[in-house]
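So the chains spell out like this:
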Amino acid sequence: MAVVAVQCPDCGSREVVQYGQQPNGEQRYRCNNPHCQRRIFLLRYHDMGWEPAVKQQMVEMAVNGSGIRDTARVLGVSPTTVITTLKKKRRRFTG
Ligand SMILES: [Zn+2]
């Protein structure tokens, strides 16, 4: 999973990963701290799809054979974002 530069609002851990989206498209995050009471939270920050760590994760998933829609769902970004990122990376991928 991609570790992104987000702090858990509950325990302050930076071991936070993207965890899909709300039905309204808001990004969800999951805290990886096993002692955290909260685990899933939202953040008002809409540009996470373009963080370098997320881009790298998109590329790695594509290289490992994940489809565009799978990658988008797992990382909580739009398929368009995945396609655009992969084209910029000029890596071969299957979708
Ligand atoms: Zn936490």
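Rules and cut-offs
- Residues numbered from 1 in each chain as written.
- Predicted model: local features only at pLDDT ≥ 70, side-chain atom pairs only at ≥ 80, totals over all residues.
- Heavy atoms only, no water.
- Helix = DSSP H or I, 4+ residues; strand = E, 2+ residues; numbered from the N terminus.
- Buried < 20%, exposed > 50% of the residue type's maximum accessible area, 1.4 Å probe, protein only.
- Core = buried A, V, L, I, M, F, W, Y, C linked by side-chain atoms within 4.5 Å.
- Axes fitted to C-alpha atoms, helices over the stretch in contact; angles between N-to-C directions.
- Left-handed = near helix turned anticlockwise from the far one by under 90°.
- Contact = heavy atoms within 4.5 Å.
- Nonpolar A, V, L, I, M, F, W, Y, C, P; charged D, E, K, R; others polar.
- Donors = N, O, S within 2.8 Å, 3.2 Å for Na, K, Ca; no water.
- Tetrahedral: all angles 85-135°; square planar, octahedral: opposite > 155°, others 65-115°.
- Pairing = 2+ DSSP bridges.
- Phe/Tyr/Trp six-rings, centres within 6.5 Å; stacked < 30°, edge-to-face > 60°.

## Looking at the environment of alanine 62
Move 1: Counting through the fold element by element, alanine 62 comes out in helix α1 (residues 52–63).
Move 2: Among the residues examined, alanine 62 registers a relative accessible area of 6% and is labelled buried.
Move 3: Through-space distance from the C-alpha of alanine 62 to that of isoleucine 83 is 10.0 Å; in sequence the pair is 21 residues apart.

## Some points on the nonpolar core
As a rule of thumb, soluble globular proteins bury nonpolar side chains together.
Move 1: Listed in full, the 11 residues of the largest apolar core are Val54, Met58, Val59, Met61, Ala62, Ile68, Ala72, Leu75, Val77, Val82 and Leu86.
Move 2: Only α1, α2 (68–75) and α3 (79–89) provide two or more residues apiece to this core.
Move 3: For this core, the leading source of residues is α1, giving 5 residues.
Move 4: Core analysis: the next-biggest nonpolar cluster, separate from the first, contains 7 residues, Val6, Cys8, Cys31 and Phe41 among them.

## Comments concerning the packing of α1 against α2
Move 1: For the pair α1 and α2, the least separation of the axes is 10 Å and the interaxial angle reads 145°. Between α1 and α2 lies a crossing whose hand is right-handed. Between α1, through Val54, Gln57, Met58 and Met61, and α2, the contact on the second element is made entirely by Asp70, Thr71, Val74 and Leu75.
Move 2: Of the residues in the contact of α1 with α2, the class split is 5 nonpolar, 2 polar and 1 charged.

## Some remarks on the coordination of the zinc ion
Move 1: Bound to the zinc ion are the protein donor atoms Cys8 (SG), Cys11 (SG), Cys31 (SG) and Cys36 (SG), situated 2.2 to 2.4 Å from the metal.
Move 2: Seen from the zinc ion, its 4 donor atoms lie at angles of 100 to 114°, and the figure they make is tetrahedral.
Move 3: Donor residues binding the zinc ion come from one chain and are separated in sequence as C-x2-C-x19-C-x4-C. A residue pair is termed long-range when its members are at least 10 positions apart, and cysteine 11 in the segment before β1 (16–21) and cysteine 31 in strand β2 (residues 27–31) qualify at 20 residues.
Move 4: The class of cysteine 11 is partly exposed, set by a relative accessible area of 35%.

## Focus: the sheet that holds β2
Move 1: The antiparallel open sheet is built from 3 strands, whose spatial order is β1-β2-β3. Each edge of the sheet is formed by a strand with only one pairing partner; in this case those strands are β1 and β3 (40–42). If you compare each strand with its neighbour and ignore which way they point, the axes differ by 40° on average.
Move 2: Two strands pair when backbone bridges link them, and β2 and β3 are joined in this way by 3 bridges, in the antiparallel orientation. Residue pairing for β3: tyrosine 29 is matched across the bridge by phenylalanine 41.

## Points about the packing of aromatic side chains
Move 1: In total, this model carries 1 aromatic pair according to the counting rule given.
Move 2: On the basis of an interplanar angle of 25° and a centroid distance of 5.8 Å, the ring pair of tyrosine 29 and phenylalanine 41 is categorised as stacked. Of this pair, tyrosine 29 sits in strand β2 while phenylalanine 41 sits in strand β3, and the two are 12 residues apart along the sequence.
Move 3: Residue tyrosine 29 is classed as buried on the basis of its relative accessible area of 0%.
Move 4: Assessed through its relative accessible area of 3%, phenylalanine 41 is described here as buried.

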